[in-house]
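Structural characterization, general
Here's the letter readout for the chains.
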Amino acid sequence: MAFLTKPDKSDKRPEKQEYYMSIAKQIAQRSTCLKRKFGAIIVREDNIISAGYMGSPRGTPNCIDLKKCAQDHNKKIGVDACRGVHAELNAIINAARAGTSVLNAIMYVYGENYKDGTVVIGKPCKACRRAIVNAGIIEVIVPGERGIRKYKTEFWVKDLKKDPFADINEK
């Protein structure tokens, strides 16, 4: 089995952000989307308190098992065209199911393209950003063009106070 390989003999320990991002990357491998794999973890006080990956609602067929994507057969655009639940939302939902507060936590999100495994660079979608803000998560860390990129959620709120329709008009 792949996870039973010999341990790395180097004394180099990964930095915390690299460590948490690698866990989010591993969780992304459980995604059931045929386009992209996403994984998210929520960390509070240096403890992983929740995780989630991109997938269909519990108990419903997964796109990967059906071998077809709802977006390819749907005239709707965006989140509503997809039958999956985003990794960020699943991580928040899983914390709620367990009765765990995510207030003042940090979220790590990793994404990659399903076909070639290239890393997805960007920030959470508009709906996920709104849920992240409302959940009380204070920072989101994602892969960036040169390492990682950090988003302080307070700035998302400040931007929306300046222009309450900024997330609607965003391209």
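That block above? That's the structure.
Anyway, here's the lowdown on the structure attached to this text. (Residues numbered from 1 in each chain as written. Predicted model: local features only at pLDDT ≥ 70, side-chain atom pairs only at ≥ 80, totals over all residues. Heavy atoms only, no water.)

**Side note on the overall build of the protein chain**
Our working rule: Helix and strand definitions here come from DSSP, where helices need a minimum of 4 consecutive H or I residues and strands a minimum of 2 consecutive E residues; each element is numbered from the N-terminal end. Whether two residues are in contact is decided by their heavy atoms: any pair within 4.5 Å suffices. Only the protein chains shown count as covering a residue, and every accessible area follows the Shrake-Rupley method with a 1.4 Å probe.
A tally of helices and strands in the protein chain yields six helices and five strands. Seen in sequence order, the protein chain has helices and strands lined up from the N terminus as α-β-β-α-α-β-α-β-β-α-α. Put simply, of all contacts in the protein chain between residues at least 6 apart along the chain, 63% involve residues at least 24 apart. Surface accessibility of the protein chain: about 11,300 Å² in total, with carbon and sulfur atoms responsible for 53%.

**Some details on the environment of glutamate 18**
Here is the rule we go by: We call a residue buried when its accessible area falls under 20% of the maximum for its residue type, exposed when it is over 50%, and partly exposed in between, using a 1.4 Å probe and counting protein chains only.
Along the chain, glutamate 18 turns up in helix α1 (residues 16–28). The class of glutamate 18 is partly exposed, set by a relative accessible area of 43%.

**A short note on the layout of surface pockets**
This is how the line gets drawn: Each cavity reported here is a set of points on a 1 Å grid over the protein atoms alone in which a 1.4 Å probe fits but cannot get out, each pocket an open set with protein on both sides within 12 Å along at least five of seven lines, and each lining residue one with an atom within 4 Å of a point. Grid points are joined across faces, edges and corners, and a volume is the space filled by probe spheres set on the points. Residue type decides the class: Asp, Glu, Lys and Arg count as charged, Ala, Val, Leu, Ile, Met, Phe, Trp, Tyr, Cys and Pro as nonpolar, and the leftover types, Gly among them, as polar.
Roughly 550 Å³ of volume is contained in the largest pocket. Arg36, Phe38, Met54, His86 and Cys125 are, among the 29 residues lining the largest pocket, the residues nearest its centre. Of all the secondary structure elements, the ones that give two or more residues to the lining of the largest pocket are β1 (36–44), α3 (87–98), β3 (106–113) and β4 (139–144). When its residues are assigned to classes, the lining of the largest pocket shows 18 nonpolar, six polar and five charged.

**Details of the packing of aromatic side chains**
Aromatic ring pairs: the centre-centre distance and the angle between the two ring planes describe each pair. For the record, the criterion: Two rings from Phe, Tyr or Trp (for Trp, the six-membered ring) form a pair when their centres are within 6.5 Å of each other. A pair whose planes differ by under 30 degrees is stacked, one over 60 is edge-to-face, and the rest are tilted. Counting as a charge over the ring demands two things of the Lys NZ or Arg CZ atom: a distance within 6 Å of the ring centre and an angle within 35 degrees of the ring normal.
Scanning the entire structure with this criterion turns up three aromatic pairs. With a centroid separation of 5.1 Å and 50 degrees between ring planes, the pair formed by tyrosine 19 and tyrosine 20 is classed as tilted. On the basis of relative accessible area, tyrosine 19 is assigned to the partly exposed category, the value being 38%. Ring centres 5.2 Å apart and planes at 45 degrees place the aromatic pair tyrosine 20 and tyrosine 108 in the tilted group. On the criterion of sequence distance, the pair formed by tyrosine 20 in helix α1 and tyrosine 108 in strand β3 is long-range, its members being 88 residues apart. Comparing tyrosine 20 with tyrosine 108 shows no difference in burial state: the two are buried. Each member of the aromatic cluster is reached from another via a ring pair, and the members are Tyr19, Tyr20 and Tyr108. Positioned above the aromatic ring of tryptophan 156, the side-chain terminus of arginine 129 is 5.9 Å from the ring centre.

**Considering the nonpolar core**
We count it as follows: Residue types Ala, Val, Leu, Ile, Met, Phe, Trp, Tyr and Cys, when buried and joined through side-chain atoms within 4.5 Å, form a set referred to as a nonpolar core.
Ranked by size, the top nonpolar core spans 21 residues in total, and within it Ile42, Met107, Ile137 and Val140 carry the most contacts. Broken down by secondary-structure element, the contributors of at least two residues to this core are β1, α3, β3, α4 (126–135) and β4. In this structure, isoleucine 137 is in contact with Ile42, Ile92, Val102, Ala105, Ile106, Met107, Ile132 and Thr153, ignoring residues within four places of it in sequence. Core analysis: the next-biggest nonpolar cluster, separate from the first, contains ten residues, Tyr20, Ala28, Val43 and Ile141 among them.

Note that every value here comes from positions in space, so none of it alone points to a role or purpose.
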